[in-house]
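# Descriptive structure summary
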Amino acid sequence: MTDESTEPEATLGTEPEATDNTGPEATTGTGSAVTARPQTPPTARRLRLLLVVAALVLGLDVVTKVLAVKLLVPGQPVEIIGDTITWTLVRNSGAAFSMATGYTWVLTLIATGVVLGIIWMGRRLVSLWWALGLGMILGGAVGNLMDRFFRSPGPLRGHVVDFLSVGWWPVFNVADSAVVCGAVLLVGLSMFGFDFDTEGKRPPEDSAPSSGPEPAPAAVVDEAETGR
């Protein structure tokens, strides 16, 4: 009699198929799929921060100017801390802190160039602190530009609304403060070696690796000379 086995024949030389986990979804030990999310580039995150800071400064500047025009009367200061700090409504035709009056249209063009320059720098922006400083300057510049374009006596010649007086300092607004604080921050960053297109402090030039060949060890040189 022939002995017929009911068990399936084992195939030699075969291996189980490997599971490909290199795709966008990898299966964990518990059977759940994990999807890899692409990371946002640093420049995009910093540009977003710059625009958020600028929007906050611009919003605060517009709201305070509207309230100043509505609640204050020109020539009638409102005391906050005696005569040292007062609410004083002033229509400024010059630059920040009432400087360069009489050159309104020139200042408008300069401010427009500053805004465009900051937007151009935002494409290469990596530093978080530079994003903060540039956002403050951008928000302040746009805030005063809106007055130049939309307030009397007309486009490019509009007078900026100033309302805060501190001691002997000229009357200013939120936009002026933001521009000055942002500029001081950027100057400090530049002095301490922080660039807008690097994450941290820029490396010193003398620490750069040399591209020339490394000198041979002294022991190898002595052996070569004695073997002549």
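Source: prediction; values computed, not measured.

## Overview of the nonpolar core
Formed by 17 residues in total, the largest nonpolar core has its most connected members in Leu 50, Ile 118, Leu 125, Trp 130, Leu 134, Leu 138 and Leu 186. Contributing elements (two or more residues each) for this core: α1 (42-71), α2 (104-121), α3 (128-150) and α4 (174-191). A per-element tally of this core places α3 first, with seven residues. Sequence-distant contacts of Leu 50, defined by excluding residues within four places in its chain, comprise Ile 118, Leu 125, Ala 131, Leu 134, Gly 135 and Leu 138. Core analysis: the next-biggest nonpolar cluster, separate from the first, contains six residues, Ala 68, Leu 89, Val 161 and Phe 163 among them.

## Here's the deal with the UniProt feature "active site" (unreviewed entry) in the chain
Per the UniProt record, the feature "active site" (unreviewed entry) sits at Asp 162 and Asp 176. Inspection of the secondary structure assignment puts Asp 162 in strand β5 (residues 160-166). Judged by its relative accessible area of 0%, Asp 162 is buried. In this fold, Asp 176 is placed in helix α4.

## Looking at α4
For α4, built from 18 residues, the straight-helix expectation of 26 Å at 1.5 Å per residue is met to within 8% by its first-to-last C-alpha distance of 26 Å. Considered for burial, the residues of α4 that qualify are Val 174, Ala 175, Asp 176, Ala 178, Gly 182, Leu 186 and Leu 189. On the buried face of α4, the contacting elements are α1, α3, β5 and β6 (169-172). Where α4 begins, the side chain of Asn 173 points an oxygen toward the backbone nitrogen of Ala 175, at a separation of 3.1 Å. Among the residues trailing α4, Gly 193 stands out with phi positive, at a value near 85 degrees.

Calculation criteria
- Residues numbered from 1 in each chain as written.
- Predicted model: local features only at pLDDT ≥ 70, side-chain atom pairs only at ≥ 80, totals over all residues.
- Heavy atoms only, no water.
- Core = buried A, V, L, I, M, F, W, Y, C linked by side-chain atoms within 4.5 Å.
- Buried < 20%, exposed > 50% of the residue type's maximum accessible area, 1.4 Å probe, protein only.
- Helix = DSSP H or I, 4+ residues; strand = E, 2+ residues; numbered from the N terminus.
- Contact = heavy atoms within 4.5 Å.
- UniProt positions renumbered as here; feature names shortened; annotations may be inferred.
- Expected span 1.5 Å × (residues − 1).
- Polar contact = N/O pair within 3.5 Å; in protein donor to acceptor, adjacent residues only side chain to side chain.

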